[in-house]
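# Analysis of the macromolecular model
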Amino acid sequence: MKEFFSGEGYAVEVSYDGEEGIAKAKSFGPDIIILDHRMPIMDGATAIKEVREFSPTPIICVSAITKQETVDECLRLGASKYIFKPINLEELDRAIESALKGK
């Protein structure tokens, strides 16, 4: 994903767990956050909740978890969109563009 979106002209920062992601969101100030629901240290729902405490940045959650309760929770906590894996990069790119327009 990093290579694809860097090639599309986006400045991309990568984190490997939820806590690192929160720290980078605070320091980097991204225009959009893409996160997996299953992350080490902190799950996606918790990360969404924590980001919403300091930022209205659009968040797209991607996950292999298809349980409707999980999808609903992420959207209720403030995710802009929930996309199921495997990820179609063109679909994700369209979701990013849409989220950024609505900012």
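Keep in mind it's a predicted model, so treat the numbers as computed, not measured. (Residues numbered from 1 in each chain as written. Predicted model: local features only at pLDDT ≥ 70, side-chain atom pairs only at ≥ 80, totals over all residues. Heavy atoms only, no water.)

### Details of the nonpolar core
Across soluble globular proteins, you tend to see nonpolar side chains buried next to one another. What counts, and what does not: Among buried residues, those of type Ala, Val, Leu, Ile, Met, Phe, Trp, Tyr and Cys that are joined through side-chain atoms within 4.5 Å constitute a nonpolar core. Exposure classes here rest on a 1.4 Å probe applied to the protein chains alone. A residue is buried below 20% of its type maximum, exposed above 50%, and partly exposed in between. Helix numbers and strand numbers start at the N terminus; a helix is a DSSP run of H or I with at least 4 residues, a strand a run of E with at least 2. Any two residues whose heavy atoms approach within 4.5 Å are treated as being in contact.
Ranked by size, the top nonpolar core spans 17 residues in total, and within it Ile-33, Leu-35, Ile-48, Ile-59, Cys-74 and Tyr-82 carry the most contacts. Of all the secondary structure elements, the ones that give two or more residues to this core are helix 2 (18-28), strand 1 (33-36), helix 3 (44-52), strand 2 (59-63) and helix 4 (68-77). Here this core gets 4 residues from one element, more than from any other, and that element is helix 3. Dropping the residues within four chain positions of it, Leu-35 is found in contact with Gly-44, Ala-47, Ile-48, Ile-59, Ile-60, Cys-61 and Val-62. Grouped together as the second largest cluster of nonpolar side chains are 9 residues, Val-62, Ile-83, Ala-95 and Ala-99 included.

### A short note on the packing of aromatic side chains
Both the distance between ring centres and the angle between the ring planes are used here to describe each pair of aromatic rings. To keep things clear, this is the line we draw: Any two of the Phe, Tyr and Trp rings considered here, Trp counted by its six-membered ring, make a pair once their centres fall within 6.5 Å; the pair's planes then place it as stacked at under 30 degrees, edge-to-face at over 60, or tilted in between. The criterion for a charge sitting over a ring is simple: Lys NZ or Arg CZ within 6 Å of the ring centre, and within 35 degrees of the ring normal.
For the structure on display, the rule yields 3 aromatic pairs. With centroids separated by 4.8 Å and ring planes inclined at 90°, the aromatic side chains of Phe-4 and Phe-5 adopt a geometry described as edge-to-face. By relative accessible area, which is 5% here, Phe-5 ends up buried. A ring pair is formed by Phe-5 and Tyr-10, whose centres lie 5.7 Å apart and whose planes are at 70°; its orientation type is edge-to-face. Every member of this aromatic cluster is reached through a ring pair, and the members are Phe-4, Phe-5 and Tyr-10. Just above the ring of Phe-54 sits the side chain of Lys-26; from NZ or CZ to the centre is 5.3 Å.

### Some points on the side chain of Asp-17
Convention followed: Only four residue types enter the charge count, namely Lys and Arg as positive and Asp and Glu as negative; His and the chain termini do not. Here, a salt bridge means any side-chain nitrogen of Lys or Arg that lies within 4 Å of a carboxyl oxygen of Asp or Glu. For the purposes of these results, a polar contact is taken to be a pair of N or O atoms within 3.5 Å, where, inside protein, one atom must be able to donate a hydrogen and its partner to accept one; residues adjacent in sequence count only when each atom of the pair is a side-chain atom.
Its location among the elements puts Asp-17 in the loop between helix 1 (2-7) and helix 2. For the buried Asp-17, which has no salt bridge, the nearest side chain bearing the opposite charge is Lys-24, at an N-O separation of 9.7 Å. There is a polar contact of 3.0 Å between the side chain of Asp-17 and the backbone nitrogen of Glu-19. Within polar-contact distance, the side chain of Asp-17 engages the backbone nitrogen of Glu-20 at 2.8 Å. What Asp-17 contacts, discounting residues up to four positions off in sequence, is Met-39, Pro-40 and Ile-41.

### As for the confidence of the model for the protein chain
Definition in use: pLDDT is defined as a per-residue confidence score from the predictor, taking values between 0 and 100.
Counting all residues, the mean pLDDT for the protein chain is 93, and 99% of those residues have values of 70 or more. When mean pLDDT is compared element by element in the protein chain, helix 4 scores highest at 97, while helix 5 (residues 89-101) scores lowest at 90.

### A short note on the environment of Val-62
Positionally, Val-62 belongs in strand 2. Residue class for Val-62 comes out buried when judged on its relative accessible area of 4%. Placed 27 residues apart in sequence, Val-62 and Leu-35 show a C-alpha to C-alpha distance of 6.1 Å. In contact with Val-62, not counting residues within four places along its chain, are Ile-34, Leu-35, Asp-36, His-37, Ile-83, Lys-85 and Ile-87.

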